[in-house]
Amino acid sequence: MEVRFLENDFVRSYKKYSSAVEVEGISESFSKDVLRRFTRNKGAVIGCLSIFLIIVMSLFGPYINSHTYKSIIIEHSSLPPKVPVLQNIGIADGVIDGRDIYLEKGFEDIAYIFGTDTLGRDLWTRTWVGTRISLYIAGLAMFIDMIIGMSYGLVSGFFGGKVDIAMQRFIEILSGIPNMVIVTLLVFILKPGIMSITVALLIKGWIGMSRVVRAQVLKLKEQEFILASRTLGTSNRKIIFNEVLPNILGQVIIMSMFSIPNAIFMESFLAFIGLGLQAPLASLGVLISEGFKSFLVFPYMVAIPTIVLAILMLSFTVMADGLRDAFDPKMKEM
Amino acid sequence: MENNILTIRNLDISFTTSSGSINVIRGIDLDLKKGETVAIVGESGSGKSVTVKAVMGILSNNGVINDGSIHYNYLDDHGNATQRDIVGMRQKDIRKEISGKRIAMVFQDPMTSLNPTMNIGNQIIEGMRQHYKTPKKEARAKAEELLSLVGIDNPKKRMKQFPNELSGGMRQRVVIAIALSCDPEILICDEPTTALDVTVQAKILELIKAIQLKTKVSVVYITHDLGVVAKVADYVAVMYAGRIIEKGTIDDIFYSPRHPYTWGLLSSIPDIDNFEEKLYSIPGNPINLMNKFEGDAFAPRNEYALNIDHRVEPPMINVGGRHEVASWLAHEKAPVLEMPASLKRRIENMLKEGY
Amino acid sequence: MRKYILKRLGIAVITILSILLILFLMLELMPGTPFNDEKLTVEQKVMLEEKYGLDDPLLVRFGNYVKLMVQGDFGISYTLQKNMPIAKMLKPRVEVTMTIGLQAVLLGTFVGMILGIIASLNHNTALDTAASLISVIGVSVPSYVFALGLAYLLGYKYHLFPILYNPSNPGISSVMPTIALSMFTVATVSRFLRSEMLEVLGSDYILLAKTKGINETSLVIKHGIRNALIPVITVLGPLVVSLMTGSLVVEKIFAIPGLGNLFVTAIQVNDYNVVIAVAFIYSILFISIMLIIDILYGIIDPRIRLAKEGEH
């Protein structure tokens, strides 16, 4: 190795140690960090977008045409989907087994994007109204679960001692009862309706949330800033709201996200076994249950709401997964 | 070169990470002679563990050996003298011929090094069965002997126990027993005592020394603790930022260190006899190898740096016998610089007291 | 260890009693139940009184009820099969449902294990992503979607398997329902095993085994899979739940004469006794399986087993 020596090479440089040499990693705020991790997860972003799209459709979709979710035009019964643009490529062209049904019945000038059901109701409108209702039930259940679960977990964890033990015992016994049994029995007793289904979902839905909240509260209780507040004489209520709550919010949001697909599923499950909303009300579950009756002959009737349901559940699960990883990449134990 | 068992030359290793490639080992030369104990010293991140992992062939998947050779001289299964370059070997072959059989390793954390669902006996005999097809009965007998050798009482009972039934110190002894099970020539110990209590530390070090006397195995110690080095090493290599910056016999390093980093390391050992002086610590933090730099990696923290240290990386310069330094201060053109006075005094005291 | 088992047993018993209480209250308070039905004939009323002691105080009635249920006396069906003792109705149905359920669990676990292990050994390759994709879909999409899809494609379009269940040909006609039911299991097991394997394969003791010179196969099987498999038992809980709910819909879609189908039909015709009896059976099954899982886990993992023994 040939080195060219300079004149004052072998003189001491006396350079002071400067910390400017060290390049520190750019520190970001916690929420920026979470956002960054979340957006890196392609699946989660796709899931999020899908949900957004579906919600938009459920809100505005029904207004695209003039049909309502219960308007019956019996002559139009059982027409397959016909989409004006796609029909040229051969998808959704109103054809079953090679027969153009619209042509046969003399309806060349009308098109039902999702087709119609056996009573001639527009499936496009019914699907989106149904999605609205399914989302509503799931959202309501999730919201009330959150409130009950958070309160229960907070009280149980914060006060500890005998209160905690008793409350946890109750949960242990309640968990032993299979959810399906309880939900089915309840809706059976209360007769199916939006409120009864929501109530049934509440019976056991809050348990997961309360467990997570309690675990967080227990962890936080040990930390010093709680002790500091207490020493300053802050009341219990203030401590719970100002110190504990902000720290558990992240977990709570994630748990709620996870509970939505389950609620959507339960509602559709109930409809399928005959305990769903009564006609002409439509929810995704009701549509699937109705469509099933003729599913070999007219598969589109059951396929369309099923696909919407599957996409919803998939998207929520993937998004919740992504959120969980974004908040804490190590938190895999939920 | 004759009684070298391990000859490392120009070893250069990089890791690919999501933020780019890091050159963690930047050209290392090191020899291990038969029966010798070599200690590799350095801060975390200096590359000491990576070096021995390359020797064992257990470099992680994102590691790439860019250049260099690790020549291992040994007697093959038929008794013929062979030399192989571990760098070129396939993982399969390294595991078949070298790992466990000729070179064995002891890891740092005994709590996680043992399989929690396999009993002690099976973990010890596994190597023997794999390499020598030793019949079970014979292997078990040898395992019990090994357990006694490493100082574990009641070997028969211990064989059937599981790792979570043993204390940390005992687990580490088991790990050593496993390492010795196939009669290796070289034992690599990666910070074997760091995770243990101080009292247990001393015992383990004594154990390894005793085993060395008995079996004449050559040992490589990785450590950041100069106290350990003083106790066990014959030859020392000091690493910084992926290079060996000074190497020599233990006397060379402790009594006539030449590199300012080594001065810093030695100065930062607390000295019980000296009450007045502040505890010395090398300013700043180890360099981030992700960033490009010119010259000597240690220059920014080196108060004895010469101008050329900021321009050109110093080569290894021989300063007598097996003592080599990677510092421009050892160059003929460099001014003669003495080690810090406090260090000088301390060494003189040590010499006087006959260490 | 014994304390652990006793505690779990105690809780199981209390849970069963709670369920019986709920069912009992249902019978007492709901209009139209056999206890309250105005349409009952005199003879039926007398028989009921004798059996259930309808004039006795509440607690005694409850005790009586518990005794009867626990002995398997579920009364008779009113609507589905008039005057047929329910216990008799249940037996063949339980067999069918259990058989298909068991098939689904075995298939699901086996396939799930293979998927999970392959995914973990090929970490971050296309194979891994594909396996993960299948897992996510299997976990999020309900079993009836698969059932419908399978029935339409494999059954109707391509005539590979019979769509309707045929009791005289249980093998092939249970293929599609078993597959549909097993999807959740496949997905859950594979996801779980993959993450466990990745953790185990990255552990220090695997590294140590490598330095011992252990070959790749032994490493993966003896050290890797063995350690990763143990926690799989923890996943069995939600699996049982999914099988229960799944059985209801899958049985309806494929017209399988099982417990689930009975439950659904009884609900639709308001046959309270049958509904309650089936609800009870499902609950017992669920609680027993969870109990067994809990105990098994304590036995299999030597860390837990020995830690507990060490306490004595």
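Nothing here was measured: the structure is a model prediction, and the numbers come from that model.

Draft legend 1. View of the overall build of chain C. In terms of regular secondary structure, chain C is built from 14 helices and zero strands. Listing each helix as α and each strand as β along chain C from the N terminus yields α-α-α-α-α-α-α-α-α-α-α-α-α-α. A principal-axis box enclosing the C-alpha atoms of chain C has dimensions of 85 × 65 × 30 Å.

Draft legend 2. How the structure looks around the overall build of chain A. When you go through chain A residue by residue, the secondary structure sums to eleven helices and two strands. Each helix and strand of chain A, ordered N terminal to C terminal, gives the series α-α-β-β-α-α-α-α-α-α-α-α-α. For chain A, buried positions account for 40% of its 334 residues. Long-range pairs, those at least 24 residues apart, make up 71% of the contacts in chain A with a sequence separation of at least 6.

Draft legend 3. Up close: the interface of chain C and chain B. Across the contact, 18 residues belong to chain C and 25 residues belong to chain B. For the side of chain C that touches chain B, the secondary-structure elements that each account for two or more residues are α9 (204-212), α10 (216-229) and α14 (302-310) of chain C. At seven residues, the largest contribution of residues to the side of chain C that touches chain B is made by α9 of chain C. Residues belonging to the side of chain C that touches chain B are distributed by class as follows: seven nonpolar, six polar and five charged.

Draft legend 4. View of helix α2 (residues 42-60) of chain A. Residues and elements named next belong to chain A. The end-to-end C-alpha distance of α2 is 27 Å, a good match for the 27 Å that 19 residues give at a rise of 1.5 Å each. Taken together, the buried positions of α2 are occupied by Ala44, Gly47, Ile51 and Ser58. Seen end-on, α2 carries its buried residues on one side only, within an arc spanning 60 degrees. Turned more than 90 degrees from where α2 packs its buried face, Lys42, Leu49, Phe52, Leu53, Val56 and Phe60 sit exposed.

Draft legend 5. Main features of the sheet that holds strand β4 (residues 63-75) of chain B. Residues and elements named next belong to chain B. Here we have four strands laid out as an open sheet, ordered β2-β1-β4-β5, and antiparallel in their pairing. A strand with exactly one partner marks an edge of an open sheet, and here the two such strands are β2 (20-33) and β5 (81-85). Across the sheet, the mean angle from the axis of one strand to that of its neighbour is 10 degrees, orientation sign disregarded. Bridging between β4 and β5 involves five bridges; their strand directions are antiparallel. By the bridge assignment for β5, tyrosine 72 is matched with arginine 84.

Draft legend 6. Local environment of the confidence of the model for chain C. Mean pLDDT over chain C: 82, with 91% of residues reaching 70 or higher. Of the two predicted TM-score estimates for the complex, the pTM is 0.79 and the ipTM is 0.83.

Draft legend 7. Broad picture of the sheet that holds strand β12 (residues 324-325) of chain B. In spatial order, the strands read β6-β7-β8-β3-β9-β10-β12-β11 (chain B); together these eight strands make up an open sheet with mixed pairing. The sheet is open, and its two edges are formed by β6 (103-106) and β11 (317-318) of chain B, each paired on a single side.

Draft legend 8. Quick peek at the pairing of strand β8 (residues 218-223) of chain B. Residue and element names in this part refer to chain B. β8 sits mainly inside the fold: six of its six residues count as buried. What you see with β8 is no split at all: Ser218, Val220 and Ile222 on one side and Val219, Tyr221 and Thr223 on the other are buried throughout. Note that strand β3 (residues 37-41) and β8 share five bridges and pair parallel. For isoleucine 40, the partnering residue across the bridge sits in β8 and is isoleucine 222. Bridge count between strand β7 (residues 186-190) and β8: five bridges; the pairing is parallel. For leucine 187, the partnering residue across the bridge sits in β8 and is valine 219. Of the crossover connections in this fold, the one passing from β7 over helix α8 (residues 198-215) to the parallel β8 is right-handed.

Draft legend 9. Geometry of the packing of helix α8 (residues 175-201) of chain C against α10 of chain C. Residue and element names in this part refer to chain C. At a minimum axis separation of 9 Å, α8 and α10 run at an interaxial angle of 130 degrees. By the criterion of interaxial angle, the relationship of α8 to α10 is oblique. Between α8 and α10 lies a crossing of right-handed hand. Facing Leu193, Glu196, Met197, Val200 and Leu201 of α8, the residues of α10 in contact are Gly224, Asn227 and Ala228. Here the residues of the contact of α8 with α10 are counted per class, giving five nonpolar, two polar and one charged.

Draft legend 10. Up close: helix α7 (residues 168-180) of chain B. Residues and elements named next belong to chain B. With 13 residues, α7 should cover 18 Å at 1.5 Å per step; its first-to-last C-alpha distance of 19 Å lies within 8% of that length. Buried residues dominate α7, accounting for twelve of its 13 residues. Listed as buried for α7 are Gly169, Met170, Arg171, Gln172, Arg173, Val174, Val175, Ile176, Ala177, Ile178, Ala179 and Leu180.

Draft legend 11. A look at the environment of glutamate 348 of chain B. When you line up the elements, glutamate 348 of chain B lands in helix α12 (residues 341-352). As a C-alpha pair, glutamate 348 of chain B and asparagine 307 of chain B span 41 residues in sequence and 31 Å in three-dimensional space.

Draft legend 12. Region of interest: the interface of chain C and chain A. Between chain C and chain A, the contact holds 35 residues from the first and 29 residues from the second. For the side of chain C that touches chain A, the secondary-structure elements that each account for two or more residues are α1 (2-29), α5 (126-140), α6 (143-157), α11 (236-253), α12 (259-268) and α13 (272-300) of chain C. Among the elements that take part in the side of chain C that touches chain A, α1 of chain C stands out by supplying seven residues, more than any other. Of the residues contributing to the side of chain C that touches chain A, the split by class is 27 nonpolar, seven polar and one charged.

Draft legend 13. Layout of the environment of aspartate 164 of chain A. Residues and elements named next belong to chain A. Relative to the helices and strands, aspartate 164 is located in helix α5 (residues 161-176). Its 17 C-beta neighbours within 10 Å are what place aspartate 164 among the partly exposed residues. For aspartate 164, the contacting residues outside a window of four places in its chain are Ser156, Gly157 and Phe159.

Cut-off values and rules
Residues numbered from 1 in each chain as written. Chains lettered and ligands numbered in written order. Predicted model: local features only at pLDDT ≥ 70, side-chain atom pairs only at ≥ 80, totals over all residues. Helix = DSSP H or I, 4+ residues; strand = E, 2+ residues; numbered from the N terminus. Buried ≥ 20, exposed ≤ 12 C-beta atoms within 10 Å, placed from the backbone. Contact = placed C-beta atoms within 7 Å. Nonpolar A, V, L, I, M, F, W, Y, C, P; charged D, E, K, R; others polar. Expected span 1.5 Å × (residues − 1). Arc of directions from axis to C-beta. Pairing = 2+ DSSP bridges. Axes fitted to C-alpha atoms, helices over the stretch in contact; angles between N-to-C directions. pLDDT = per-residue confidence, 0-100. Right-handed = clockwise from strand over helix to strand, strands pointing away. Parallel < 35°, antiparallel > 145°, perpendicular 65-115°, else oblique. Left-handed = near helix turned anticlockwise from the far one by under 90°.

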